[in-house]
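# Structural features, examined
One-letter residues, chain by chain:
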Number of protein chains: 2
Amino acid sequence: MEINKTIDHTVLKPQTSSTDVEKICVEARQHEFCAVCVPPYFVGRAKQFLQGSDVLVATVIGFPYGYAGTMAKVEEVKRAVEEGADELDIVINLGALKSGDWPQVKSDIERVVTAIRLKGKVSKVIIESSLLSQSELARMVQICNEINPDFVKTSTGTQGGATEEVLRYLRANLKAGIKIKASGGIRDNSTARAMLSAGADRLGTSSGVALL
Amino acid sequence: MEINKTIDHTVLKPQTSSTDVEKICVEARQHEFCAVCVPPYFVGRAKQFLQGSDVLVATVIGFPYGYAGTMAKVEEVKRAVEEGADELDIVINLGALKSGDWPQVKSDIERVVTAIRLKGKVSKVIIESSLLSQSELARMVQICNEINPDFVKTSTGTQGGATEEVLRYLRANLKAGIKIKASGGIRDNSTARAMLSAGADRLGTSSGVALL
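Note that the coordinates shown come from a computational prediction; the quantities given were computed from them, not determined experimentally.

## Comments concerning the packing of helix α3 (residues 70–82) of chain B against helix α5 (residues 102–118) of chain B
All names here are of chain B. One can describe the packing of α3 onto α5 by two numbers: an axis separation of 9 Å at closest approach and a directional angle of 20°. Accordingly, the angle class assigned to the pair α3 and α5 is roughly parallel. As for the relative orientation of α3 and α5, their crossing is right-handed in sense. Residues T70, M71, K73, V74 and V77 of α3 lie in contact with α5, whose contacting residues are Q104, D108, R111, V112, A115 and I116.

## Overview of the pattern of salt bridges
With the rule as written, the count across this model stands at 36 salt bridges over all chains. Put simply, K181 of chain A and D89 of chain A hold a salt bridge, and the shortest N to O gap is 2.8 Å. You can see K181 of chain A sitting in strand β7 (residues 179–183) and its partner D89 of chain A sitting in strand β4 (residues 87–91), a full 92 residues away along the chain. You can call D89 of chain A buried: its relative accessible area is 0%. Residues E75 of chain B and K78 of chain B are paired through a salt bridge, measuring 3.9 Å at the closest nitrogen-oxygen approach. Of this pair, E75 of chain B and K78 of chain B both sit in helix α3, three residues apart, which is roughly one turn of the helix. Bridged by salt links that share partners, the residues D8, E87, D89, K124, K153, K181 and R202 of chain A form one connected network.

## Points about empty space enclosed by the protein
With the rule as written, the count across this model stands at two cavities of 30 Å³ or more. For the largest cavity, the calculated volume is near 190 Å³. As for the largest cavity, its lining consists of 22 residues, of which G62 and F63 of chain A together with G62, F63 and E76 of chain B are closest to the centre. Broken down by secondary-structure element, the contributors of at least two residues to the lining of the largest cavity are α3 (70–82) of chain A together with α3 of chain B. Taken together, the residues of the lining of the largest cavity sort by class into 16 nonpolar, four polar and two charged. Approximately 40 Å³ is the volume attributed to the second largest cavity.

What counts as what
Residues numbered from 1 in each chain as written. Chains lettered and ligands numbered in written order. Predicted model: local features only at pLDDT ≥ 70, side-chain atom pairs only at ≥ 80, totals over all residues. Heavy atoms only, no water. Axes fitted to C-alpha atoms, helices over the stretch in contact; angles between N-to-C directions. Helix = DSSP H or I, 4+ residues; strand = E, 2+ residues; numbered from the N terminus. Parallel < 35°, antiparallel > 145°, perpendicular 65-115°, else oblique. Left-handed = near helix turned anticlockwise from the far one by under 90°. Contact = heavy atoms within 4.5 Å. Salt bridge = Lys/Arg side-chain N within 4 Å of Asp/Glu carboxyl O. Buried < 20%, exposed > 50% of the residue type's maximum accessible area, 1.4 Å probe, protein only. 1 Å grid on protein atoms, 1.4 Å probe; cavity = no way out; pocket = protein on both sides within 12 Å on 5 of 7 lines; lining within 4 Å. Points joined across faces, edges and corners; volume = space filled by probe spheres on them. Nonpolar A, V, L, I, M, F, W, Y, C, P; charged D, E, K, R; others polar.

Structure (structure tokens):
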């Protein structure tokens with residue numbers, strides 16, 4: 001697959017402006033990226049900027065810390081889908097995970113993924129792998145295999161990023177039907193290719209143009 | 001006023017655990033801090049740990065990026081108040097601000113502050129001053145003067161922190177009834193005292209014990 005078709009062209013900093021979003025939408029059309037990934041507030045605008053193209057609109061839910069309540073996340077999903085989001089990248093409740101409250105980790109993600117599935121949209125579960133121990137990672141993989149989201153995504157990009165080791169682990173242990181999105185620190189072509197070789201199906205990066 | 005009574009003893013990192021929350025609650029009781037400030041997921045637990053003490057429970061809404069929709073923020077407020085939050089620190093929609101969409105910036109904060117006021121709780125509007133130009137700061141002050149939250153808070157602590165200059169500007173330009181919470185980078189006693197001298201009424205810090 002062409003590398004451009006694997007890229008979610010991303011701008012998620014808190015001070016993102018409409019001008020930033022327009023720029024990445026123009027670039028995404030030009031380079032035929034898979035999607036743009038923008039803050040919830042900009043979903044409607046990105047949809048307009050991308051009208052008539054095949055580029056999808058992705059956004060983030062509970063981003064970047066994941067510890068908002070499930071109903072707040074579901075509310076964000078509803079709004080984003082109404083405004084045109086095709087794909088939704090959800091942060092897990094890391095606070096619950098670090099407190100050993102696995103039933104809460106699972107039910108939070110399950111309810112949000114179900115809300116997304118009912119709308120016919122694509123779900124990506126962000127596990128923030130750089131903050132997980134090996135056993136926590138294993139348990140998250142098990143939960144994801146039970147919930148069956150469209151993608152597992154390695155990182156928010158705010159806490160360290162994807163590693164080849166984690167990608168290989170995910171690919172070896174996630175069900176074959178669950179795709180993988182690598183994100184965080186992917187800034188050049190060789191890193192991008194290494195991530196794809198290690199098992200990534202999609203790359204989240206703000207350096208999409210530079211790395212082509 | 002004793003410095004301990006100005007402190008919101010804070011833990012907000014994404015990987016915060018129940019153990020972290022218990023620790024800051026124990027410290028807050030011991031040193032008679034004003035409040036603890038914890039992720040939404042931990043509000044109920046903090047309330048339990050603090051039972052029988054005067055320490056308040058604060059939490060954060062739309063934290064730390066602020067670009068989730070207003071209804072998601074209102075949903076977070078509802079849940080947090082149900083679980084026992086006394087004070088709610090809300091991040092403004094910086095994306096709307098940086099796009100010049102001031103009506104949206106205002107209506108977002110106004111609706112969330114109103115929801116908090118109707119519950120009889122304390123609102124703190126986080127303006128993330130380190131990301132604002134002088135004219136953006138001036139306009140945010142004007143909006144806050146119109147909406148009248150209990151506090152204006154300088155920073156989330158993820159994007160640079162409070163400065164004495166900003167505190168002096170806020171104190172000179174906010175209505176007298178609006179208090180100021182300084183946060184971000186307050187790690188020692190002399191910084192804490194400088195912030196209070198420059199106009200802060202409350203200090204948000206994860207170094208509350210060290211700075212006493």
